[in-house]
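Here's the letter readout for the chains.
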4 protein chains.
Amino acid sequence: MAYPKGKLSEEKVFKDPVHRYVHVRDALIWDLIGTREFQRLRRIKQLGTTYLTFHGAEHSRFNHSLGVYEIVRRIVDDVFKGRPEWDEGERELVLSAALLHDLGHGPFSHSFEKVFHLDHESFTRDIILGQTEVNEVLRRVSDDFPKHVAEVIAKTYQNKQVVSLISSQIDADRMDYLQRDAYYTGVSYGHFDMERILRVMRPREDQIVMKQSGMHAVEDYIMSRYQMYWQVYFHPVTRSAEVILTKILHRAKELHETGYIFTHAPVHFYSIFEGNVTTEDYIKLDESIVLFYFQAWEDEEDHVLADLCRRFMNRRLFQYTEFNPNEEMTKYFKLTALFKEAGIDPDYYLVVDSSSDLPYDFYRPGEEEERLPIHLLTQSGHIKELSRQSDIVDAISGKRRTDHKLYFPMDLIVDMSEKAEEKKAIMKLLGLG
Amino acid sequence: MAYPKGKLSEEKVFKDPVHRYVHVRDALIWDLIGTREFQRLRRIKQLGTTYLTFHGAEHSRFNHSLGVYEIVRRIVDDVFKGRPEWDEGERELVLSAALLHDLGHGPFSHSFEKVFHLDHESFTRDIILGQTEVNEVLRRVSDDFPKHVAEVIAKTYQNKQVVSLISSQIDADRMDYLQRDAYYTGVSYGHFDMERILRVMRPREDQIVMKQSGMHAVEDYIMSRYQMYWQVYFHPVTRSAEVILTKILHRAKELHETGYIFTHAPVHFYSIFEGNVTTEDYIKLDESIVLFYFQAWEDEEDHVLADLCRRFMNRRLFQYTEFNPNEEMTKYFKLTALFKEAGIDPDYYLVVDSSSDLPYDFYRPGEEEERLPIHLLTQSGHIKELSRQSDIVDAISGKRRTDHKLYFPMDLIVDMSEKAEEKKAIMKLLGLG
Amino acid sequence: MAYPKGKLSEEKVFKDPVHRYVHVRDALIWDLIGTREFQRLRRIKQLGTTYLTFHGAEHSRFNHSLGVYEIVRRIVDDVFKGRPEWDEGERELVLSAALLHDLGHGPFSHSFEKVFHLDHESFTRDIILGQTEVNEVLRRVSDDFPKHVAEVIAKTYQNKQVVSLISSQIDADRMDYLQRDAYYTGVSYGHFDMERILRVMRPREDQIVMKQSGMHAVEDYIMSRYQMYWQVYFHPVTRSAEVILTKILHRAKELHETGYIFTHAPVHFYSIFEGNVTTEDYIKLDESIVLFYFQAWEDEEDHVLADLCRRFMNRRLFQYTEFNPNEEMTKYFKLTALFKEAGIDPDYYLVVDSSSDLPYDFYRPGEEEERLPIHLLTQSGHIKELSRQSDIVDAISGKRRTDHKLYFPMDLIVDMSEKAEEKKAIMKLLGLG
Amino acid sequence: MAYPKGKLSEEKVFKDPVHRYVHVRDALIWDLIGTREFQRLRRIKQLGTTYLTFHGAEHSRFNHSLGVYEIVRRIVDDVFKGRPEWDEGERELVLSAALLHDLGHGPFSHSFEKVFHLDHESFTRDIILGQTEVNEVLRRVSDDFPKHVAEVIAKTYQNKQVVSLISSQIDADRMDYLQRDAYYTGVSYGHFDMERILRVMRPREDQIVMKQSGMHAVEDYIMSRYQMYWQVYFHPVTRSAEVILTKILHRAKELHETGYIFTHAPVHFYSIFEGNVTTEDYIKLDESIVLFYFQAWEDEEDHVLADLCRRFMNRRLFQYTEFNPNEEMTKYFKLTALFKEAGIDPDYYLVVDSSSDLPYDFYRPGEEEERLPIHLLTQSGHIKELSRQSDIVDAISGKRRTDHKLYFPMDLIVDMSEKAEEKKAIMKLLGLG
């Protein structure tokens, strides 16, 4: 039950700006990195449309996946190794799962998932278990190894220590992306003392705990995460690009369903539009395919599709204003009517978008989105939940923050010279008077 | 002769990991950034195939162009402003040229230029002077403003101070890319004290000089450049990907010329294959187009094209060995013959590639590649050439280093089980015995 | 009312690891830096005994003072200059006050102030107004310039904008020391986006406000401050060294008062012991003087003084345990009695030490320690208090955290072999059983 | 032959800005750090008078010594461990030698050694072998362990691998101080890829070699070293402070020898002045002692001593001019005569100071200052000398650079109003006309 090729004759390293080097000694990991399905992650950006706000955010999921692997490798090889609570037999499994956890992500995943009701997690499973190069490599370990890898990623694997390293409120995935996204965007948030966190991680029955002496590093991590969500991931300009992207996909699907004849027929999208996408179709879908069509569609006869594609490709985004759905629905309906009168289709050009985050949560069994809390290990060997020990985490624990914005194309409104009255009314409702 | 819109009502900033922030106060610059042709640079990687060696190097030319602009802005606004030797009237010109200097780069420029005899500099000129959004913005300054911008980039503009800021042995272009490429790849070369260099730059008649007190920062810059060339830009793994890319383009062109019927017809490439590419064709060409075809061609019937595309997309590169063209041509011809016998086309699978760099040069008038030297300004007001003052620069000045490698597909050779004798001979000649 | 020498013929720069360079163009600032009283700050550590916990924290107050000056210089020269709400006539004043704000600090200020009832702020005033080189330089601006500088530092100056830049909940002093102390200790806390904060600062009537677009940078600053207090400034090992230092000073004073004949007579301390220290006495007191005596006193006949000095010089600190003064006074009294029985003087060897911090406070007029809140400037021009806008600041606003520890010499207790019963009782009470 | 206490029950860490953390698992190392003689290094600056040029350079030799230990620990534990060419039995020895290699440094070592003909290396030996706490700890390993530690530091130990780790052209000492001094001064030189260098180090018979794949990192290290020498270590302002310091020591010694009665008798210096300093005398000498006297001597009756001390304490340094001893000795003698006429003692106020560095040297057996070259290990297992492989190292190899400057007190010359003619002549000779 180990990879037949064992260790590489010489360690391989990847130069990495976040972790300095990513070290690979296992032939298993080296072979997984070389698969076609893993190399495909080079053509999918880690942060989707964020590069239109933070121009530095052009890094790929390949980049991030190596980072998650490296963090887990350091934990199991430098911190857990030799500890009685850790089963060394799980090493190859947890390293493989770390490397492959994002394998099923497609281009601009969030938008695609939303519009086409896809689920990247189920594609991850399909790629790991299907007829792929990744599956072929994994099966060399043992017949049920691919299944175990898929279970770890799906969080159903029995050994919760292994699951926690990759998916929990403080896991290798988050620790890598916070630092990596901060590095590439250049923002000053996202920094925390990962060295210290790794040093205080301890395997315990069914979970990973943190020695209490590292509590402040954990606090700092939670604050970093909070800031990254609101400063980077939910940035309204990024959301604006996301809104446009979503509407392009909606429009193309609608056109396909209504029998519109595309000048540039979206052959790569047919199975997605029709809800019968295969694993192989999906693997072929990367950002260059999407951008190829978007560029082609800039010249489509359908005005909405062409306009939205030109906006996306040339970064002519929607403007936005704060929006409170509890109090302002009347306003929204008025705007909808006015847009229609002005000949601007509100289905595509007047969009409410919401962002929501729960920075940290203690354990609420049975509730939706139940999350395992972070546990501290005191010097006397007791285990305590983080928010009971940290004032600052307690202060934000369990407090969900939600933010709504209304997006619209300022340029089209400004151009409404022939509908002066509607224009005035729209401007007033949007607070642009 | 100034941009009619003048200054923005509020300064805009871009978060940049290298310069912290890029500041834009001029409506001219803001409008140029918003053009379709400039936004296109987001879809062209700064370092071509380097991301296949250094996974962090996924940044675009958009990214770098903003950086060059910011460096020039700091020089003219913080250092030169108010000095009698500097003509403030050149400010809009030099900022525009800095921003647009790479506008004509296409995807994987070096390979495309080599195979199709294109020249990115002439495309830069065409885009600036042609019927483009960039041209429309520039013309708002004055009718001959686009021409002046093109001249600065072509180094033919009369005011050599302006030219030097963008193209010389120590210019804003190099200062940005060395730092930026080091940042994204994560290598420890590429760092130097740009703050100091900027502070000691002085405009003088027909040139920019450096106060002698900054000489060591300049030395450090030259060493950084040297290391970046050999450690990053000429990395043999990157060159291997470049070799494959070049051979894909060659093959596709050849197939097109011989009337081969592509399953996926390369419509975007026709005018390039046929040598009649228009500015508009060229603007449409970005990396997503190229990768779209390469993925499609993985399934072409032509074995060579399909194989090379699969290699490129899935990073299955050629191996290499040192090669001395002066002494080893016989060996090369023997290998060529053996490859043919083995059914491996040497035109595509046995490639000599050379890298060459001259780290710094003093002035050699009349010679090919004549380069203007770096001049130091002594405390007493004299001007001295750098290599006369710096032992370390003198030591490497004028010394070209060239390196040749022979690339080949190890996997195909290993698989030559049916041609045991040729295999053995090839292995021996390649030193793999 | 301006410095007669005006600007330096050439700008001077100091290489600074935190701000890259500190720039000096004003002859006034250059001359102040050159005074004997300012140079003395080189011999006083910024963080007192912290270097015994974080070995990197060996930087001086000279270092920090230049940093505060540089931040204020950037605010007034790069951000405020030309704004109608800012009076350019205050420039020399605010720069001088920034540079000199810590002038009255002595070696290990906190301990000295506590034991001898000194006040560094009043010494700052005395040095600025007394017969000193600093005063001589300041008077060249105008007769009442020294007085104004002293007022700004004492927060009594009428223009509250000037005061706020140096003393408020987000001032140049704090912004420099958080970053500088983080840099020298090497901790990962203490980072925040100062560039952004500076860019959003705006002078308003009687205060400095922050544009709301910079709110998250301000949040991050407040969190950094919080972490630095608990992770660095209140570190229990640092406090242990502080406890010992305080006890050395107590003991020396007591010995002096009781007529003890020192082998190494503390001539430099006489006036401090006797409460009649002059400004000149005080200026002479730096860390080398203190450490000179501490080394000498290692050989004093008085066992307590000698032992405490040996502990301090050779870093043999007290251990500590958590202590709750509300519930554990009985335990404390029992320990006091047991220490006495064991011949260990509890006045010197059993010490309760408390740390307390209020991370941020909104305005509570009339209360002790009244603090001016941080105000945000909304896009529509309204001014709002920070904790009303920021969930995360609201969560910690006004919440004081206090921490008590009991310090004792573990080695002496372990050595109590002849008093086995008392030893056992002490160990049990200290939870060391 | 191992430390009886073995490993610590829990690893201790020091937060370090350069290496992030310094890790201590060996009780031997922990106990050595706790000795009085090692703690004394906290009171001796790593870079002597450099803090008067680069205000950040206030770090101590304690700081650096921990860093050298950590680098060696990483080499032996992470890179060498398990390799057949490395004798694990040398581990405790090499770690101890790394930690203690600077133990015999005193305050401002270079000046003290020069004036009093002391030798810090022999004091290191004396402290390790004498009746000290360090010796007591070392002897617990074995009776001859102290002797071996001293031999490693003196480079006479038989196993040259062990010696090379601490003293060679690329050793842990240099790798730490280049990075550390760069960090604290804030200069941008001093950076190189130590991670890579450590990874390519290999133990071989009688030496440590570098895998050729790391050659460029080694080149970068040599260039960093070169820049640090000329930009930081030999900075003329630092040398000016050093010149003054040296002259203070000369004067005090001279006064003592001629029977001058000091107001503040230099009891701590007597044995040094008289050439009979004991190890215990030496251990007591730290920077606070030196600065204590220098401050006291500011008020001495002897004008020269008082003036020089005031200069040093308040940073009123000598100016300097380039000086060529081969051509300008006549000028120097003229200046000497003029200084005498003007009543300024040239023995103390007109000083030639020389700096000299050889950036790298190949092996020149038998020559003075014979240095072992850096050897590269090729892929085929051959060993080649660095300068034969690296163009850039070859270019500077064996080329000594020497620089001479003439130091003088500008203020005294400017004040020579009563000797107008001599003043004019001096100014002219010094090029200040």
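Computed from a prediction, not measured in an experiment: that's the story for all the values here.

Caption draft 1: The arrangement of the overall build of chain A in detail. Secondary structure summary: chain A contains 23 helices and nine strands in total. Relative to its length of 433 residues, chain A is compact, with a C-alpha radius of gyration of 24 Å against a globular reference of 22 Å. Considering only C-alpha atoms, chain A reaches an extent of 75 × 50 × 40 Å along its principal axes. Relative to its 433 residues, chain A shows a buried fraction of 50%. When contacts within chain A are restricted to residue pairs at least 6 apart in sequence, long-range pairs at least 24 apart make up 67% of them.

Caption draft 2: Just the relation of the copies chain C and chain D, in detail. Relative to chain D, chain C is turned by 180° and slid 0.0 Å along the rotation axis, the superposed coordinates differing by an RMSD of 0.0 Å. Expressed as an axis order, the relation between the two copies is that of a two-fold axis. Judged by C-alpha distance, C:Ser288 is the residue of chain C that lies nearest the rotation axis, at 2.0 Å. By residue overlap, the copies meet face to face through one surface: 100% of the interface positions of chain C are interface positions in chain D.

Caption draft 3: Focus on unusual backbone geometry. Residue and element names in this part refer to chain D. Positioned with a positive phi, Lys-155 is a non-glycine residue whose angle comes to about 70°. Looking at the element boundaries, Lys-155 is found in the loop between helix H8 (145–154) and helix H9 (160–166). Judged by the 15 C-beta atoms lying within 10 Å of it, Lys-155 is partly exposed. Non-glycine residue Arg-315 carries a positive phi angle of around 55°. Secondary-structure assignment places Arg-315 in the loop between helix H17 (303–313) and strand S5 (319–322).

Caption draft 4: Representation of the domain arrangement of chain A in the model. Residues and elements named next belong to chain A. For chain A, the assigned domains are domain 1 (7–233) and domain 2 (236–355 + 404–429). For domain 1 and domain 2, the distance between their C-alpha centroids amounts to 33 Å. Across the boundary between the two partners, domain 1 contributes 23 residues, which contact 19 residues of domain 2. For the side of domain 1 that touches domain 2, the secondary-structure elements that each account for two or more residues are helix H5 (109–116) and helix H6 (120–129). Among the elements that line the side of domain 1 that touches domain 2, the one with the most residues is H5, at six residues. Here the side of domain 1 that touches domain 2 is built from residues that sort into nine nonpolar, eight polar and six charged.

Caption draft 5: A look at the interface of chain C and chain D. Of the residues lining the interface, 32 residues belong to chain C; the matching set on chain D comes to 32 residues. Broken down by secondary-structure element, the contributors of at least two residues to the side of chain C that touches chain D are strand S1 (7–16), helix H2 (36–39), helix H3 (61–80), helix H10 (172–185) and helix H16 (287–297) of chain C. The leading source of residues in the side of chain C that touches chain D is H16(C), at six residues. Of the residues in the side of chain C that touches chain D, the class split is twelve nonpolar, eleven polar and nine charged.

Caption draft 6: A look at the sheet that holds strand S4 (residues 207–211) of chain A. Residue and element names in this part refer to chain A. Strands sit in the order S3-S4-S7-S8 across an open sheet of four strands; the sheet is mixed. Since the sheet does not close on itself, it has two edges, and those belong to strand S3 (201–204) and strand S8 (383–385), each with one partner. This sheet shows a mean twist of 45° between the axes of neighbouring strands, independent of strand direction. Pairing of S4 with strand S7 (residues 375–377), which is carried by two bridges, proceeds in the parallel orientation. Bridging across to S7, Met-210 finds its partner in Leu-376.

Caption draft 7: Geometry of the interface of chain B and chain A. Contacts between the two partners involve 32 residues from chain B and, on the opposite side, 32 residues from chain A. For the side of chain B that touches chain A, the element with the most residues is helix H16 (residues 287–297) of chain B, which contributes six residues.

Caption draft 8: Representation of the environment of D:Met194 within the structure. Residue and element names in this part refer to chain D. The residue Met-194 is located in helix H11 (residues 194–200) in this model. Residue classification places Met-194 among the buried residues on the basis of 21 C-beta atoms within 10 Å. Separated by 162 residues in the primary sequence, Met-194 and Leu-32 place their C-alpha atoms 26 Å from one another. Non-local contacts of Met-194, meaning those with residues more than four positions away in its chain, are made with Met-175 and Gln-179.

Caption draft 9: Focus on the UniProt feature "domain: HD" (unreviewed entry) in chain A. Following the UniProt record, one finds the feature "domain: HD" (unreviewed entry) at residues 61–178 of chain A. Within the segment residues 61–178 of chain A, helix and strand shares are 67% and 0% respectively, and the terminal C-alpha atoms sit 13 Å apart.

Caption draft 10: Fine view of the nonpolar core. A:Val72, B:Val72, C:Val72 and D:Val72 are the most contacted members of the largest nonpolar core, which has 504 residues in total. The contact partners of A:Val72, leaving out residues within four places of it in the chain, are A:Val94, A:Leu95, A:Ala98, A:Leu165 and A:Ala172.

Caption draft 11: Structural view of the relation of the copies chain B and chain A. Take chain B, turn it by 180°, move it 0.0 Å along the axis, and it overlays chain A with an RMSD of 0.0 Å. Interface residue correspondence from chain B to chain A reaches 100%, placing this contact among same-surface, isologous pairings.

Caption draft 12: Examining the packing of helix H3 (residues 61–80) of chain B against helix H4 (residues 91–100) of chain B more closely. Residues and elements named next belong to chain B. H4 packs onto H3 with a crossing angle of 155° between their chain directions and a minimal axis gap of 7 Å. Taken together, the axis directions place H3 and H4 in an arrangement best described as roughly antiparallel. Handedness of the crossing formed by H3 with H4: right-handed. Each of Ser-65, Val-68, Tyr-69, Val-72, Arg-73 and Val-76 in H3 lies in contact with H4, whose residues at this interface are Arg-91, Val-94, Leu-95, Ala-98 and Leu-99.

Caption draft 13: Structural view of the sheet that holds strand S7 (residues 375–377) of chain D. Residues and elements named next belong to chain D. Pairing within the open sheet is mixed, and its four strands lie in the order S3-S4-S7-S8. Among the strands making up the open sheet, the edge pair consists of strand S3 (201–204) and strand S8 (383–385). Going from strand to strand, the sheet's axes swing by 45° on average, the running direction of each strand aside.

Caption draft 14: A look at the pairing of S1(C). All names here are of chain C. Sheet topology places S1 next to strand S2 (residues 20–26); six bridges connect them, and they run antiparallel. Looking at S2, one finds that Lys-7 is bridged to Asp-26. What sits between S1 and S2 in their antiparallel hairpin is a turn of three residues.

Caption draft 15: The arrangement of H16(C) in detail. Counting buried residues along H16(C), nine of its eleven residues qualify, which places the element largely inside the surrounding structure. Of the positions making up H16(C), those classed as buried are C:Glu287, C:Ser288, C:Ile289, C:Val290, C:Leu291, C:Phe292, C:Tyr293, C:Gln295 and C:Trp297. The secondary structure elements touched by the buried residues of H16(C) are helix H15 (279–284) and helix H17 (303–313) of chain C together with helix H15 (279–284) and helix H16 (287–297) of chain D.

Caption draft 16: Highlighting the confidence of the model for chain A. When the pLDDT values of chain A are averaged, the result is 93; 97% of them are 70 or greater. With a pTM of 0.93, the predicted complex shows an ipTM of 0.95.

Caption draft 17: How the structure looks around helix H8 (residues 145–154) of chain C. All names here are of chain C. In terms of residue burial, H8 counts as a mostly covered element, since eight of its ten residues are buried. Turning to H8, its buried residues number three or more, namely Phe-145, Pro-146, His-148, Val-149, Ala-150, Glu-151, Val-152 and Ile-153. Where the residues of H8 are buried, they touch helix H4 (91–100), helix H6 (120–129), helix H7 (133–139) and helix H9 (160–166). Just beyond H8, the residue with positive phi is Lys-155, at close to 65°.

Caption draft 18: Here's a closer look at the environment of D:Ser122. All names here are of chain D. Tracing the backbone shows Ser-122 in helix H6 (residues 120–129). According to the C-beta neighbour criterion, Ser-122 is exposed, with 11 such atoms within 10 Å. In this structure, the C-alpha to C-alpha distance between Ser-122 and Asp-181, residues 59 residues apart in sequence, is 25 Å.

Caption draft 19: Spotlight on the environment of C:Ile289. In this fold, C:Ile289 is placed in helix H16. Discounting residues that sit within four places of it in the chain, C:Ile289 has contacts with C:His268, C:Lys284 and D:Phe292.

About the cut-offs
- Residues numbered from 1 in each chain as written.
- Chains lettered and ligands numbered in written order.
- Predicted model: local features only at pLDDT ≥ 70, side-chain atom pairs only at ≥ 80, totals over all residues.
- Helix = DSSP H or I, 4+ residues; strand = E, 2+ residues; numbered from the N terminus.
- Rg over C-alpha atoms; globule rule 2.2 N^0.38 Å.
- Buried ≥ 20, exposed ≤ 12 C-beta atoms within 10 Å, placed from the backbone.
- Contact = placed C-beta atoms within 7 Å.
- Least-squares fit on C-alpha atoms with pLDDT ≥ 70 in both.
- Domains from an automatic or database assignment.
- Nonpolar A, V, L, I, M, F, W, Y, C, P; charged D, E, K, R; others polar.
- Pairing = 2+ DSSP bridges.
- Axes fitted to C-alpha atoms, helices over the stretch in contact; angles between N-to-C directions.
- UniProt positions renumbered as here; feature names shortened; annotations may be inferred.
- Core = buried A, V, L, I, M, F, W, Y, C linked by C-beta atoms within 7 Å.
- Parallel < 35°, antiparallel > 145°, perpendicular 65-115°, else oblique.
- Left-handed = near helix turned anticlockwise from the far one by under 90°.
- pLDDT = per-residue confidence, 0-100.

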